[in-house]
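Spelled out from the first residue to the last, the chains are:
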Amino acid sequence: MAARILLPLVAASSCLPQAWGWGAMGHETIAYIASNFVASSTASYFQSLLGDTSGDYLASVAAWADSYRYTTAGKFSAPFHFIDANDNPPSSCSVELSRDCGSGGCVVSAIANYTSRILETSLSKSQRQMAAKMVIHFVGDIGQPLHCEALDVGGNSIDVTYDGESTNLHAIWDSNIPESISGGSTLAAAKSWATTLTTAIETGTYKSEAAGWVSDLDINNAETSALAWAKESNADVCSTVLAKGITYVEDNDLSGSYTTTATPVVNLQIAKQGYRLAKWLDAIAAAT
Ligand SMILES: *[C@@H]1O[C@H](CO)[C@@H](O)[C@H](O)[C@H]1NC(C)=O
Ligand SMILES: [Zn+2]
């Protein structure tokens, strides 16, 4: 989920760990949730396609697209990580595909493109493998509210303070807030957070709503499904991310009550996208 333009600069000039989209840890959490819910035939299909029979087969590739985008070969894929909703938060949030998905593509069109490429048997196995890594990543990115917002480069150019450190609004949603919930940036932290959220989906807080998260999911109308996810994320920009306006986030250390308010939103977005990823991969595997 990484930041778009400014992130490499920020990462190079600070001692903070590099932030990639939800940060690698957020992507890995989504991937572990998905691996907890996929059908066993889906697991076999993707383990074979990805060439990894371990339990980490989704998590270990979940952040790959965020390094690929910074390579010469992968530069074309940079716009696929977000959709630039040209709305007006916090008073008005909205996403429109024709207005907001640029000519170079966006996260909504990318989910559709790479979903169909996994199933395109005329492509080589390595191309289909890359398509799978893209889908696993972008179903995560689209759940980060600031990946569905154009304002100030998705919050990258809004300077904020988190726990005394200078950073930007996008980065704290990618990494600082998720890491404050999971307790770290490691694969182990992701796995443990995924276990907590899996239980919440199966028997806890999300039990009654989880079916609704996937009721309209349709890989044959992939853009429609993905656009609905983008609209949910974007709505969070008005209701939570910038609810108190830009001046508020610039003037307060965001590791306190701001993070307390953001935490249930981040938990929900990660849980939803993990569960949706499971059902999405199930539908792809069933279509082969
Ligand atoms: C679909 O993916 C391929 C392979 O990465 C890429 O070359 C192409 O530009 C993508 N098409 C769209 C419409 O995003
Ligand atoms: Zn990303």
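Residues numbered from 1 in each chain as written. Chains lettered and ligands numbered in written order. Predicted model: local features only at pLDDT ≥ 70, side-chain atom pairs only at ≥ 80, totals over all residues. Heavy atoms only, no water.

As annotated in an unreviewed UniProt entry, the protein chain is S1/P1 nuclease from Diplogelasinospora grovesii. Quoted straight from UniProt, the Sequence similarities (unreviewed entry) entry for the protein chain says "Belongs to the nuclease type I family." (UniProt positions renumbered as here; feature names shortened; annotations may be inferred.)

1. Let's talk about the side chain of Asp-236
By secondary structure assignment, the location of Asp-236 is in helix α12 (residues 222-241). One buried charged residue, Asp-236, forms no salt bridge at all, with the nearest opposite charge on Lys-272 at 5.8 Å. In contact with Asp-236, other than residues within four places in its own chain, are Pro-145, Val-241, Val-265 and Gln-269. (Helix = DSSP H or I, 4+ residues; strand = E, 2+ residues; numbered from the N terminus. Buried < 20%, exposed > 50% of the residue type's maximum accessible area, 1.4 Å probe, protein only. Lys, Arg positive; Asp, Glu negative; His and termini not counted. Salt bridge = Lys/Arg side-chain N within 4 Å of Asp/Glu carboxyl O. Contact = heavy atoms within 4.5 Å.)

2. Here we look at the state of the cysteines
Counted under the stated rule, the structure contains two disulfides. The disulfide partner of Cys-93 is Cys-238, and the S-S distance across this bridge is 2.1 Å. Residues Cys-93 and Cys-238 are joined by a disulfide whose S-S torsion is about 100°; by sign, that bridge is right-handed. Placement of the pair is Cys-93 in the loop between α4 (64-68) and α5 (97-100) and Cys-238 in helix α12, with a sequence separation of 145 residues. Its relative accessible area of 25% is what places Cys-93 among the partly exposed residues. Linked covalently through their sulfurs, Cys-101 and Cys-106 form a disulfide whose S-S length is 2.2 Å. Disulfide Cys-101-Cys-106: the torsion about the S-S bond is -100°, which places it as left-handed. No difference in accessibility class separates Cys-101 from Cys-106, as the two residues are buried. (Disulfide = S-S within 2.5 Å.)

3. Side note on the site of ligand 1
The full set of residues close to ligand 1 is Phe-76, Phe-80, Asn-113, Tyr-114, Arg-117 and Met-130. Measuring from an oxygen atom of ligand 1, one finds a side-chain N or O atom of Tyr-114 at 2.6 Å. Surface burial for ligand 1 is 57%, taken as the share of its 360 Å² of free accessible area covered by protein chains. It is helix α6 (residues 107-118) that contributes the most residues to the shell around ligand 1, three residues altogether. (Near = heavy atom within 4 Å. Polar contact = N/O pair within 3.5 Å; in protein donor to acceptor, adjacent residues only side chain to side chain. Areas by Shrake-Rupley, 256 points an atom, 1.4 Å probe, with all protein chains shown as cover.)

4. A few points about the side chain of His-81
Checked against the element boundaries, His-81 lands in the loop between α4 and α5. Under the relative-accessibility criterion, His-81 is labelled buried at 0%. When residues no more than four places from it in sequence are discounted, the contact partners of His-81 are Ala-65, Asp-66, Arg-69, Val-107, His-137, Phe-138, Asp-141 and His-147.

5. Focus: the nonpolar core
Counting residues in each nonpolar core, the largest one holds 86 residues, and the members touching the most others are Phe-46, Leu-169 and Trp-173. Looking at which element gives the most residues to this core, the answer is helix α14 (residues 257-286), with 13 residues. Setting aside residues up to four positions removed in sequence, Leu-169 forms contacts with Leu-146, Gly-155, Ile-158, Val-160, Val-241, Leu-242, Val-249, Leu-254 and Tyr-258. (Core = buried A, V, L, I, M, F, W, Y, C linked by side-chain atoms within 4.5 Å.)

6. Section: the pairing of strand β2 (residues 165-168)
Where strand β1 (residues 159-162) meets β2, four bridges bridge the pair, whose relative direction is antiparallel. In the sheet register, Val-160 faces β2, and the bridge partner there is Thr-167. What sits between the antiparallel neighbours β1 and β2 is a turn of two residues, in which Asp-163 has the positive phi angle 50°. (Pairing = 2+ DSSP bridges.)

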